[in-house]
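Residue-level structure breakdown
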Amino acid sequence: MQLIREIDALRDAVATLRQEGGGVALVPTMGALHAGHMALVAEAKRHAAHVVVSIFVNPTQFGPNEDLAAYPRREASDSRMLEEAGCELLWTPAVEVMYPEGYATTVSMAGVSEGLCGASRPGHFDGVATVVAKLFNQVRPDVALFGEKDYQQLAVIRRMTRDLDLPVEVIGVPTQRDADGLALSSRNIYLSDEERVAARALPRALGEAARAILEGVDIDEALATARGKLAAAGFDPIDYVQLCDAETLQPLSSLSRPSRLLAAARLGRTRLIDNLPVVPAHS
Ligand SMILES: Nc1ncnc2c1ncn2[C@@H]1O[C@H](COP(=O)(O)OP(=O)(O)OP(=O)(O)O)[C@@H](O)[C@H]1O
Ligand SMILES: CC(C)(CO)[C@@H](O)C(=O)[O-]
Ligand code: BAL
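Note that the structure is predicted; figures quoted are calculated from it, not measured.

The subject of this paragraph is the sheet that holds strand β2 (residues 24-29). Taken in spatial order, the six strands of this open sheet run β1-β4-β3-β2-β5-β6, and their pairing is parallel. In this open sheet, the two strands that pair with only one neighbour each are β1 (2-4) and β6 (169-173). Going from strand to strand, the sheet's axes swing by 25° on average, the running direction of each strand aside. Note: strand β3 (residues 50-55) against strand β4 (residues 89-91), three bridges, orientation parallel. Following the sheet pairing, Ser54 is matched in β4 by Trp91.

Here is the structure:
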């Protein structure tokens, strides 16, 4: 595996891979890799002969009071995991390479980026859309893979790719979970042992709410019950528990079309997110 830090070297290395044929897949990450990331790498290998992974803790997607400084960085173990998984190029630009002196461009969109985490994390999705657009231009992959764990992020990237006519197929990968259902996430490392036990209330509350809604329980009642379960488990604040249109992410008051149940809440110093599909049988 080649570890590359400069754009010219990246472009040369990707051109060499492309000459071999079979296509190029990109898996953008912020490192501190776990089985969730490795699921994306495994899926990438099913779509292209060559897998490029980026590790870049993108400062522009962190708010002023968020955990940019504390965000886990594990370069050595990340490299080992990627080498073993068959990744051929690891793109790890420095912040100054990604955002050089004089940088002044932001990719921003309306709609899917505005509610949910867009409301809780002002500017977050501008940061995400901008860095992913840059990663797409730097690597020029045929396919790019993102996790459904960050469902709103996936929707933002799909929207951007369509709107800007970017020649990249965006592929979503199902959320990988721990044995007790908690979505794998780099930030789970922040949880104390006690908090880690309490955190399982998030997937459980969402699962129970999804089942209730499919059984005809009033949506507002089901969402309020889920919020109550999270509060009882120690989550505070609860940023949102919301049933949304699966594509537009607009809030839904009836189960009229394929939907997604999304939640974000803080447990101690750790903000956790999760989401589940809610698809009525007749849809
Ligand atoms: N449990 C998971 N299942 C599927 N995909 C995942 C999972 N965790 C992360 N991913 C995906 O991996 C990619 C890189 O995410 P990132 O590096 O931010 O890791 P993370 O675990 O999401 O970290 P964080 O704790 O900051 O949310 C994203 O597309 C993300 O959706
Ligand atoms: C997509 C991404 C790599 C952009 O920094 C990040 O938001 C992430 O890891 O989910
Ligand atoms: N995968 C999540 C990226 C973030 O929270 O910034």
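Structure shown, so let's carry the discussion forward.
What follows deals with the nonpolar core. Counting residues in hydrophobic clusters, the biggest one holds 45 residues, and the most contacted among them are Val132, Phe136, Val139, Phe146, Met160 and Leu249. In terms of residue count, helix α6 (residues 124-139) provides more of this core than any other element does, nine residues in total. Each of domain 1 (2-173) and domain 2 (186-276) gives at least three residues to this core. Excluding residues that lie within four positions of it along the chain, Val139 makes contacts with Leu10, Val14, Arg18, Val24, Leu26, Val52 and Trp91. Ile219, Val241, Leu261 and Ala265 belong to the second-largest nonpolar core, a separate cluster that totals 27 residues.

Looking at the chain, the domain boundaries give domain 1 (2-173) and domain 2 (186-276). Placing the centre of domain 1 and that of domain 2 at their C-alpha centroids yields a distance of 26 Å. With 22 residues of domain 1 at the contact, the number on the domain 2 side is 18 residues. For the pair domain 1 and domain 2, the summed buried area comes to about 1700 Å², and 54% of that belongs to carbon and sulfur atoms. Inspection of the domain 1/domain 2 interface yields two salt bridges. Notably, a salt bridge pairs Glu148 with Arg260, separated by 3.3 Å at the nearest N-O pair. Between the two partners, domain 1 and domain 2, sit 10 residue pairs in polar contact (both at pLDDT 80 or more). At the level of secondary structure, the elements contributing two or more residues to the side of domain 1 that touches domain 2 comprise α5 (117-120) and α7 (151-163). With four residues, the top contributor of residues to the side of domain 1 that touches domain 2 is α7. Across the side of domain 1 that touches domain 2, the residue classes tally to 10 nonpolar, five polar and seven charged.

Let us now look at the site of ligand 3. Around ligand 3 sit Met30, Gln61, Arg121, His124, Asp150 and Arg187, and that is every residue in its neighbourhood. Taking Gln61, its side chain carries an N or O atom lying 2.8 Å from an oxygen atom of ligand 3. One of the side-chain nitrogen or oxygen atoms of Arg187 is found 2.8 Å away from an oxygen atom of ligand 3. Counted by class, the shell around ligand 3 contains one nonpolar, two polar and three charged residues.

Let us look at the environment of Asp236. Position of Asp236 relative to the elements: it lies in the loop between α10 (219-232) and β7 (238-245). For the pair formed by Asp236 and Gly268, sequence separation is 32 residues and the distance between their alpha carbons is 7.6 Å.

So, on to the UniProt feature "binding site: (R)-pantoate" (unreviewed entry) in the chain. Mapped onto this structure's residue numbering, the UniProt feature "binding site: (R)-pantoate" (unreviewed entry) falls at Gln61 and Gln153. With the annotated positions falling across 93 residues, the maximum pairwise C-alpha distance of 11.3 Å places them together in a single cluster. Along the chain, the position of Gln61 falls in the loop between β3 and α3 (75-85). Among the residues examined, Gln61 registers a relative accessible area of 8% and is labelled buried.

This part is about the pairing of strand β9 (residues 270-278). Regular strands place side chains that alternate from one sheet face to the opposite one. As paired elements, strand β8 (residues 259-267) and β9 share nine bridges and run antiparallel to each other. Looking across to β9, one finds that Ala263 is bridged to Asp274. The antiparallel hairpin formed by β8 and β9 contains two residues in its connecting segment, where Gly268 sits at a positive phi of about 65°.

What follows deals with the site of ligand 1. What surrounds ligand 1 is a group of 21 residues, the closest being Lys149, Asp150, Ser185, Ser186 and Arg187. The backbone of Gly147 places a nitrogen or oxygen atom 3.0 Å from an oxygen atom of ligand 1. Note that a nitrogen atom of ligand 1 is positioned 2.8 Å from one of the backbone N or O atoms of Leu184. Bound to the protein, ligand 1 loses 95% of the 580 Å² it would expose on its own. Sorting the residues of the shell around ligand 1 by element identifies β2, α2 (35-45) and β5 (143-147) as the ones contributing at least two each. Residue contributions to the shell around ligand 1 peak at three residues, all from α2. Considering only residue class, the shell around ligand 1 consists of seven nonpolar, 11 polar and three charged.

Definitions and limits used
- Residues numbered from 1 in each chain as written.
- Chains lettered and ligands numbered in written order.
- Predicted model: local features only at pLDDT ≥ 70, side-chain atom pairs only at ≥ 80, totals over all residues.
- Heavy atoms only, no water.
- Pairing = 2+ DSSP bridges.
- Helix = DSSP H or I, 4+ residues; strand = E, 2+ residues; numbered from the N terminus.
- Axes fitted to C-alpha atoms, helices over the stretch in contact; angles between N-to-C directions.
- Core = buried A, V, L, I, M, F, W, Y, C linked by side-chain atoms within 4.5 Å.
- Buried < 20%, exposed > 50% of the residue type's maximum accessible area, 1.4 Å probe, protein only.
- Domains from an automatic or database assignment.
- Contact = heavy atoms within 4.5 Å.
- Buried area = accessible area lost by both parts, 1.4 Å probe.
- Salt bridge = Lys/Arg side-chain N within 4 Å of Asp/Glu carboxyl O.
- Polar contact = N/O pair within 3.5 Å; in protein donor to acceptor, adjacent residues only side chain to side chain.
- Nonpolar A, V, L, I, M, F, W, Y, C, P; charged D, E, K, R; others polar.
- Near = heavy atom within 4 Å.
- UniProt positions renumbered as here; feature names shortened; annotations may be inferred.
- Areas by Shrake-Rupley, 256 points an atom, 1.4 Å probe, with all protein chains shown as cover.

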